[in-house]
Each structure stands twice: as structure tokens, then as C-alpha cells.
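Next come the chains, spelled out residue by residue.
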Amino acid sequence: MTLTLPRSYQGANGAAGPLLFLEGADRVALGEWVTVRIPGTTDRRGQVIDAGDKVTVVQVLDEPMGLAPGRAEVTLTGEVARAVVGKELIGRALSGVGLPLDGLPPPVGEALRPVNGAPMNPSRRVRPSEFIETGVSAIDGLNTLVRGQKLPVFSGPGLPALELAASIVEQARAPRGEPFAVVFAGIGITARETRRFLDRFTKAGALERSVLYLNQASDPTIERLLCPRMALTAAEYLAFECGLHVLVVMADLTHYCEALREIATARQEIPGRRGYPGYMYTDLATIFERAGILRGRPGSVTQLPILTMPDDDITHPIPDLTGYITEGQVVLGRDLHRRGVFPPIDVLPSLSRLMNAGIGKGRTVPEHRQWADQLYALYAQGREARLMAAIVGEAGLGAADRRALQFGEAFEKEFIGQPLGRRTLPETLDAGWRLLEAFPRDDLTRISDAAWAARQAARAAAP
Amino acid sequence: MTAPALIRRVTGTLVEAAPLPGVGLYELAAVGSGGLLGEVIRLAGDRATLQVYEETNGLEVGEPVSPSGRALEIELGPGLLGSVLDGLGRPLAALAAHSGDFLTAGANVPTLDPARWWTFGPALAAGATVAPGDVLGTVEERPGFAHRILVPPGVRGTLAHITGGRYTVHETIAELADGTRFTLAQRWPVRRPRPVAARLPDDRPFLTGQRILDFLFPVAEGGTVAVPGGFGTGKTVIEQSLAKWADADLIVYIGCGERGNEMAEVLSEFPELTDPRTGRSLMDRTIMVVNTSNMPVAAREASVYLGVTLAEYYRDQGYRVALMADSLSRWAEALREISARLSDMPGEEGYPTYLASRLGSFYERAGRVQCAGTPERTGALTLITAISPPGGDFSEPVTQACLRVAGAVWALDPALAHQRQFPAVDWEVSYSEYLQGTLPWFEQEAGTGWTDARRRLLELLQRGRELKEIAALIGPDALQDEDRLVLEVARLIRELVLGQSAYSATDASSPAGKTLALARLVLALHDAARAAIAAGKALERLDLAHQRRHIAAVRDAGPEAWPQAAETAHAELARLGKEAV
Ligand SMILES: Nc1ncnc2c1ncn2[C@@H]1O[C@H](COP(=O)(O)OP(=O)(O)OP(=O)(O)O)[C@@H](O)[C@H]1O
Ligand SMILES: [Mg+2]
């Protein structure tokens, strides 16, 4: 790990896509940061991905067009890729590689940190258990988000994932006045999407609490690999050294994975499923595992990554590998969206694995689990009844199935759908109870007598 | 004098170094000036390829490499229980003391605390002849847990002296006439199975406390189980539930390429939970091996061997050990990553062609055995392995390779998980080859009628499934009352017998007696309701909801309360019968 001083070489020996081949370089380190200077073009940056005493391979992070190896002056900097971090970054808009986009001078920051970070020692982690109110019933009630969690949104082309993320960000800024920040990594998203998202941000007053890393659709794909790591390096510093609660929104991870595939192809690697590299799981893990809370440190990193399921296919490697790493997923449904339900969250395939630690007595309400289980059970039954009704007609259903069918419709409209905007947790719970109360008590098999009695008493007491 | 070996190439987790004329395959070496741990996996001329178990970023061409002459080993001895190790056997707590909250490469910390004192009580005296596996004496590793100090494999002779007293793990506790010294600790290369005297038949069940598993797909002590399932189907919850409640003396839990927060969950929960068998903290019977998905990938590959070696070591002492590995797919992927970098000729989906044979020999390390040495004792190593098929597709190579060798398969189904039917074990796809061998035990210990109840229950489930398909075509209302009753009973079986919440304070673990009682109650409900329908009563007029509530009360009753609740529920059933007459 003893990195050497900068060394410059005149002329590289070959190029293929974003890869540059250099022969005879001295004491090259894996991951070493490289600058490539070609007269008449802007400087490019790159990273050593294969260090050898004969041939060294550099992955160039900027536009490969015009990369002329013979004319390139290649400098091995003796350093690994690092990012400027610091509280000063809050309120700034930077490119995916950390250059200013807001017309201000480049940030000086408080420190430089390696963008790859280091894995948290699992024994130093604190088990996440602190409820975050998002204002979204399908999340707060049924798929609770907690601080330190990584909970992605699985979207489809044209589904309002960014709107959902923006509304969560708006809400997440409020609670208990603790210091917080938002780090947004826009990975290969269009200028239009970026603008829409930022508008919501600005309106909510969240912009002055945010650091933006924007790798736009028009930027070189390879920069997409760096962008989330820049963002997370900044986030870790804000969380673990400045004590802020940081919410990291990353969109769209699908573009990230496609960039990964492009590089793998350029390197002529053996492809895994659907052409994505075999190490994509490990690679994504080095991004998603950078969420969490550390013992004895006040801040936290919570991740809300967004990805697009190609062809709405949840078994596609991108959502599949993500789901295997993250602590659940919020899945958007096209059918709900078509019927005008916002947010169109399909709760059946959605899941928050850390929900259980974040709900219950002393956290939300004691009966939260049974209440959620009951809504789930009835809704699952309702969806099944809907399928059946499509064939045999509603009249062919038994009484219980008919009730479940009606419940399903109402649940989607009145509980999942939030035409009036955000709900507090008590409002969410109440919306669920109202739907449950349409059933005979005997049908509510998940609800204990104690929870039922408490609800009835509370209702009687309410004005 | 030969030239010192230097790094010639670094790519991913692999390092090429030369000249290394004398090294052997699987020999360890210190790589780079930071002394990272590497293992020789390929040799060509005097050039060696090493897989490095730690982060290789920053490693430079030209840094030194020095071979160690040893293979990848683990130090075995008192102090392992309750510890949390990384894939190389380094305690995470020691790593934190060494390098803080984040892991860095090159930390050299021992598995066993070299400064800790233990009290050794000899079981033999000077003059005794000893052979491999003989118990030299014991150390009380945790309150009430006797750690047996064994003569290491391959060592025999006459004891020149042996003395009880307080020792650290590296001090001499005994010596053979030929000068061989014994300490509390011994080393073992993790890739090699530890020897046993004989393998025993698999006829004792490994009680999991999960109704659907014990009742439908039991595993024998010393058996092997594959638990394949897509993401979020409940593999980790099953592994953790078994680690908590299964009937074993000791648990080795390997978090292989999975989540850091899941490890934090175990570490915060287990010390707080009480082992119902001993009344002590659950952590006292647990060893964790943790290599999360973002930790170096080569160490992930090593971690399963480390874990199984730890398990074998306690098995050799005569304990019943269960190994939970979550997930073997991540291990296989590590293998694939390494082999791809070696430019091996890939097999199916890029996995190396030796995947199946490596998996096979790993599973072979399980078993119920006659331990080597005296006094005579048996031990068991039961293996429960999670598998994460891409896209939930079981036809992929890793799942297929595991299915070929595992003795039982608990297949998890995303559709069940989406309906929150947990454990989401698909009873149509799952199977156990241990069923016939273990049924006699259940019949005798859990209560007669186990086999019969199991058969009837499965028949009802099967019939319920068929009827459901018919109902989907013609509508449930068009079915006869008797058939609609079967649909209803099948639903109750899923809800009250097979369904079991891992988060329930009282029902997270179910003793075999309670499992049988619940099955019998639902079957009796079916009999009574069928009799009533036969006597002319309409299904709608039967108060099944009332009966359901009483059976649910049995399910939700804790270990002391369920027998009473079962009696009440049975008494209530008699009412349903009588009403009908
Ligand atoms: N027996 C159970 N009781 C209650 N809930 C369960 C049970 N089993 C699974 N679950 C629910 O399912 C969720 C996912 O389970 P789990 O984390 O074990 O999945 P997994 O198969 O290990 O997924 P991955 O492969 O992504 O790690 C849990 O967080 C929990 O909410
Ligand atoms: Mg899991």
C-alpha cells in the first residue's frame, strides 16, 4: 500500500473502447489513478484495472472518442481515486466525477477520501431499528423504512419512481429536527428527469440540505461507475464524521449496471446472465453495503436506490441481484399506475426486511405487525379472488371471496392511493383499520382480541 | 542466493509473483509490503498465481512476496464459542481494535486470545498410551460446556507427563515420551476434512422446531439440506430460526457473502436470547463466521471451509453440531470470479467445471459419526445450506449441483412469500430422503399417529390443490359442500399447522408434540365437519370460525400452555360434532 510518486510516460501502446494499454510502466498499483493528456483535447482520468510488469491496463473514465494512444502522455499519479468530502459540499451540484456544475469554483472540502471506501466491520454495526416516517402508507404501514437501511424502488419504464423518491425526501427532512442531509446521485438520467426531480426538491426546501452528483445521460457511460461511489464517499463523511443523518437517493442503477456490462465486454470477459458480468453481485454489494449505522457515532447512511426493471421483469439480473443485496424492495406496479393510483406500489412483492425491528411497542404501535399481516392476508386473498372472478364472474365467488375482492379494490384506492398527499402514521393506521372494519370480526384472524378491543375503545373515544 | 520474489502482476484478487521456484499449491504467502494473506492456486515455471484474501487495491508491481510453507489453517481450541470471525478466522472484535470501524487489509490478529487463561483438568495420567482423538482432558470453555482437548490427528505415543492447572492456549499441558508437546490449541488446514472412526446411520431427527420442516421434510442428525429460494423468500429467517431453536449442542453460522446488517441483527439478538435447553445465552453455543458481500471475495471462498472445520472440531469432541451456511451460491460465485480471472475454460454459466465436485466434497463433510479416539463417543455435523438461484430459477448450475448431493431440499416459493405464507416452503417441490429413517423416532417420541397424521394432512393439501384448480374454472360456489370443506380445511392447515411466524414470542419454535397436536386438531375438525355435512347440515351453518379460533389459540400458546389449550380445542370440537346430530 505504499504508493509511489507520480510517473509520466509518453505514448501508450494501444486502446480498445475505454481501455488503454501501457507497456513498461514502473511500480504500477492496482486502482492507481491516472491522468491522460492528449494535446488539443481535455485531460482524461482513468484507473489501473490490471497492473503488470509488462502490460498495464488503464480504464479511462472520460470520453474515449479521440483517445490516441500514440500521442498520449500518461501519468500514474501514485494515488487511488479520491473524492473531496466535507460539510461545505452541502448545497453544491457536481458532476458524476465531482467537478462543479453550478458555476462555483471546485469544492475544497475538509478531506480527500478514497472513493471505494472500506467495508464496515460488521461487529461495529448497530442494528437499524429507528422508524422513518415517509408519509407513504404502503411504506410506513406495510414496508417500514428504518434508518441505516437500503431500500430500493423497483420501477418500470415510465413509472413515477422519481416522484415517489422526491416525496420521501420532502418528508424525511422533518423529523425531530435532527441534523440531516440528502445526497443525490443521478446516474445516466435525462436532463428532463433531473429537472423534474430538482424542482420538487427546491419546492420542498431540501435543495440547500443536499449534495447533488449528476452524471447525465449525455455524459460518458464510464463515469457512471464513479458517480455512486463519489456520492457515497461524501455521504459516509457527512454521516460518520459530521454526525448527520444522510439519505442517499441514487437513480438509476440500471444505467450503472449497463455501464458495468459495457466495460466487461470491452475487457472481453466471460459474460454471466444476459451478458452482465459474473461479479455484478459483488460490485453492487460494494455500493449497497455502504448503508448503515456505526456504534458510537451519531449519524447514519440510509439508501434509497432506484432502478428500472427492463421489461418490468423482476427476474432480470439487475433487480434480481439488487434484491439479493438490499434489505427489501418497494415494487411499483404498472397496473396500479394505469388505474391512476399514486404511488402505484404493489405491496405483495414489496418487502422491508428491517420492518420488524422498526415497529411495535415503543417504536410505532404495539399492534402494527398484526394489523399489517391482516391487511396483507386479505389483500392477497382479494388479488386471488380478482383472478378467479375474471374467469367465473363475481357471482361465482363465495361470500368470503366476494368480500375479499371488494376489499382489494378499496385497499388499492383508499390505502395505497394517496390522492390527498402525505399521511402521518396515525392516519395510515386509521385508513387500514377502516378497511378492516368492513369485515366480520371472525374474518380478522390475525387480529388479537386485545388489539381489536383497543381499536374499538380508541374509536369510541375519538370525536 | 536466489532473487527475492516480487509481484509481477495484480488483477482483481489475483497476484502473479516470481521467482517462486520452491512453493507448492495451496501454500500461503505474505503478499506485498503490507503482508496481505495470499494462497498459491496456480504454478507455471517459477511464476505463481496467488489469490489474495484481502483488498488488493493499492498493491504495487514490484512489492515483495514471501511464502510461508503452510497451508490455510485455523487455530482450534478453547475460546471459539461465542466468537465472531472473518473468513480467515480473525475475530472481528480484534480487527476493530486493530483498525477501527472499517476493515483494512493486512491485519494480523490470532483466532484465539493468546493471553487468556484456561483451567485444564486432565483425564489421563503419565504413562498412558494415546492415539489420535483421545481425550487428554477438559477445559470449561463456557459455564457448563466442557471443551475436550483431543490428541491431534496423526499423533500417538506414551504420555511422559500431563499436568492440570491454568494455561494459556500455547503453553504445554502434556508431552509424549518422544518429545511431542500438547497445547490447548491445535491447527488444522481448513480444506482437509478431519478424520473420524466411522460413519453412523442417519436415523435420529435433527429437530428444527419448524412444523413444516419437522412434520413434512425432516432432516436427520448429520444430514444435509439445501434451501433454495429467490430473494426475500425466507432463507435467512430459516437459518436464523434454526440457529436459535434447533436441537443442537452447538451452532456454526456462516454469513457468506450476505448482508452486514443481518450480522448485526444476530449479534444484537443472540446474546439476549436464552437457550431453552441450558438456560444460558444463545451466543454461548454459537460461533459466527462472517464474510459479508462487500468483503474480499477470496475470503468468501475460504469462509465455508473455515466454518466446516470449526464444526468438525467440536463434532470430534462428541457434540452434535449444526452448520448454517448462508449462502452457498455466494461461495460458488466467488469460485467463478476467481476462475474467470485465471482464464479457466468455463463450464455452465461461467462456473468452473470443478464446481460440482467441490460442492460434493463440502457436503460430504457432514454426517453422524463415531468419533476417533477414546472414550467412545458419537458426534454429528448437520449441514443446512441456503442457495440463492438467480431469478429464482432452480435449473441454474449451483442449485442443480446442490440438489444432486443434498439429502433434503426445502424449496422456497416466492408466491407463498408474497402472500406472507411463512415459512414459504413449497410442499410440492420439497423432499427429504431422511423421512423413512426418522419416522420411527417421531412415532415413538412425539406420539403415535405421527405417520398417519402426516399422510392424511398431505392428502388433504393435495386434494385442496386439485379442488382449487377446479374452483378457478367453475367458481367455488359450484362445488359440493364436502369439497368446499376440503378447500377450507386445506386453508386451515396452511394457516394453523404449516404457517409459523418467526417473530412470534410463543410460536417461533414448536416442539414435536405441539406440531402433532395441531395437525390432529385440524384433521379432527375435518372429520367432525364432514360427519355433520353427511348428516345433512349445510357447510355455512357450521361455526368453523369458532373452531379455528380455538385451534389458533393452541398455535399461539407457549411451551407450557399449549397442552391445556389443545384439550380445550378438542372439547370444543366435540360440540361441532354434537350440534350436527
Ligand atoms: N418464518 C417467517 N415468519 C415471519 N416472517 C418471515 C418468515 N420467513 C421470512 N419472513 C419474512 O420474509 C423476509 C425475507 O426473509 P429472508 O431475509 O430470510 O429472505 P432470504 O431468502 O434470505 O432473501 P435473500 O436471498 O435476499 O437473503 C423477512 O424479512 C421476513 O419479513
Ligand atoms: Mg438471506
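Here, the structure is the one placed above.
Given the structure is predicted, the values throughout are model-derived calculations rather than measurements.

Chemist: I would appreciate a short explanation of the pairing of strand β3 (residues 27-31) of chain B in the present structure.
Modeler: Remark: a regular strand shows side chains that alternate across the two faces of the sheet. All names here are of chain B. Of all the five residues making up β3, four are buried; the element is thus mostly covered by neighbouring parts of the structure. Sheet analysis places β3 next to strand β6 (residues 65-71), joined by four bridges and oriented antiparallel. If you follow V31 over to β6, its bridge partner there is V65. Both β3 and strand β4 (residues 36-44) contribute to a ladder of four bridges, which runs antiparallel. Within β4, the position partnered with V31 by the bridge is L36.

Chemist: Explain helix α6 (residues 280-288) of chain A here, please?
Modeler: One full turn of an α-helix is made of 3.6 residues, so residues set three or four places apart face in the same direction. Burial analysis of α6(A) places eight of its nine residues in the buried class, which makes it a mostly covered element. Turning to α6(A), its buried residues are M280(A), Y281(A), T282(A), D283(A), L284(A), A285(A), I287(A) and F288(A).

Chemist: Can you help me understand the packing of α6(A) against helix α7 (residues 317-325) of chain A in this one?
Modeler: Each packed pair of helices is defined by two parameters, the angle between the axes and the distance between the axes. Residue and element names in this part refer to chain A. At a closest axis distance of 10 Å, the pairing of α6 and α7 adopts a crossing angle of 55°. Classed by the angle they form, the pair α6 and α7 counts as oblique. The interaxial crossing formed by α6 with α7 has right-handed handedness. Seen from α6, the contacting residues are M280, Y281, L284, A285 and F288; seen from α7, they are P317, I318, L321, T322, Y324 and I325. Within the contact of α6 with α7, the residues separate by chemical class into ten nonpolar, one polar and no charged.

Chemist: Which parts of the structure should I look at to understand the sheet that holds strand β13 (residues 157-162) of chain B?
Modeler: Whenever strands of a sheet pair, they do so through backbone hydrogen bonds, lying parallel or antiparallel. Residues and elements named next belong to chain B. Taken in spatial order, the four strands of this open sheet run β10-β13-β15-β16, and their pairing is antiparallel. A single partner strand is all that each edge strand has here, and the edge strands are β10 (129-130) and β16 (181-183). Here strand β15 (residues 172-176) runs beside β16; their pairing, made up of three bridges, is antiparallel. Directly across from T172, in β16, lies its bridge partner T183.

Chemist: Sorry, what's going on with unusual backbone geometry here?
Modeler: Only a minority of non-glycine residues have a phi that is not negative, and only a minority of peptide bonds are not trans. In this chain, A18(B) is followed by P19(B) through a cis amide linkage whose omega measures -5°. A cis amide bond, omega 5°, links D326(B) with the succeeding residue S327(B). Along the chain, S327(B) falls in the loop between β24 (320-326) and α6 (328-341). Of note in this structure, Q268(A) is not a glycine but carries a positive phi near 55°. Looking at the element boundaries, Q268(A) is found in the loop between α5 (253-266) and α6. Among the residues examined, Q268(A) registers a relative accessible area of 74% and is labelled exposed.

Chemist: How should the site of ligand 1 be read in this particular structure?
Modeler: The immediate surroundings of ligand 1 are formed by 19 residues, with R353(A), K235(B), T236(B), V237(B) and R259(B) found nearest. This site is not confined to one chain, since residues near ligand 1 come from chains A and B. One of the side-chain N or O atoms of E258(B) is found 3.4 Å from an oxygen atom in ligand 1. Here a nitrogen atom of ligand 1 sits 3.3 Å away from a polar atom, N or O, in the main chain of Q500(B).

Chemist: I keep staring at the nonpolar core and nothing clicks. Help me out?
Modeler: Across soluble globular proteins, nonpolar side chains have a tendency to be buried as a group. Residue and element names in this part refer to chain B. Counting 84 residues, the largest nonpolar core has L242, W410, I493 and L498 as its most contacted members. The element best represented in this core is helix α13 (residues 512-534), accounting for 13 residues. When residues of this core are assigned to domains, at least three fall in each of domain 3 (198-433) and domain 4 (450-578). The next biggest cluster of nonpolar side chains, apart from the first, holds 77 residues, and it includes V308, A366, A406 and A411.

Chemist: Explain the interface of chain A and chain B here, please?
Modeler: Accessible area lost when the parts come together is the quantity often used to give the size of an interface. Contacts between the two partners involve 77 residues from chain A and, on the opposite side, 78 residues from chain B. Taking both sides of the interface into account, the surface hidden between chain A and chain B amounts to around 6,600 Å²; carbon and sulfur atoms contribute 50%. For chain A, the biggest contributors to the area lost against chain B are R127(A), R273(A) and Y324(A); these three give 12% of the whole. Taken together, the links from chain A to chain B amount to twelve salt bridges. Put simply, D101(B) and R124(A) hold a salt bridge, and the shortest N to O gap is 2.8 Å. Counting the contacts that link chain A with chain B gives 38 residue pairs in polar contact (both at pLDDT 80 or more). Residue assignment for the side of chain A that touches chain B shows that the elements contributing at least two residues are β5 (44-52), α6, α7 and α10 (368-392) of chain A. Among the elements that make up the side of chain A that touches chain B, the one with the highest residue count is α10(A) (six residues). Two strands pair when backbone bridges link them, and β5(A) and strand β1 (residues 6-11) of chain B are joined in this way by two bridges, in the antiparallel orientation. Bridging from a neighbouring strand, G52(A) pairs with R9(B) of β1(B).

Rules used in this analysis
Residues numbered from 1 in each chain as written. Chains lettered and ligands numbered in written order. Predicted model: local features only at pLDDT ≥ 70, side-chain atom pairs only at ≥ 80, totals over all residues. Heavy atoms only, no water. Buried < 20%, exposed > 50% of the residue type's maximum accessible area, 1.4 Å probe, protein only. Helix = DSSP H or I, 4+ residues; strand = E, 2+ residues; numbered from the N terminus. Pairing = 2+ DSSP bridges. Axes fitted to C-alpha atoms, helices over the stretch in contact; angles between N-to-C directions. Parallel < 35°, antiparallel > 145°, perpendicular 65-115°, else oblique. Left-handed = near helix turned anticlockwise from the far one by under 90°. Contact = heavy atoms within 4.5 Å. Nonpolar A, V, L, I, M, F, W, Y, C, P; charged D, E, K, R; others polar. Near = heavy atom within 4 Å. Polar contact = N/O pair within 3.5 Å; in protein donor to acceptor, adjacent residues only side chain to side chain. Core = buried A, V, L, I, M, F, W, Y, C linked by side-chain atoms within 4.5 Å. Domains from an automatic or database assignment. Buried area = accessible area lost by both parts, 1.4 Å probe. Salt bridge = Lys/Arg side-chain N within 4 Å of Asp/Glu carboxyl O.

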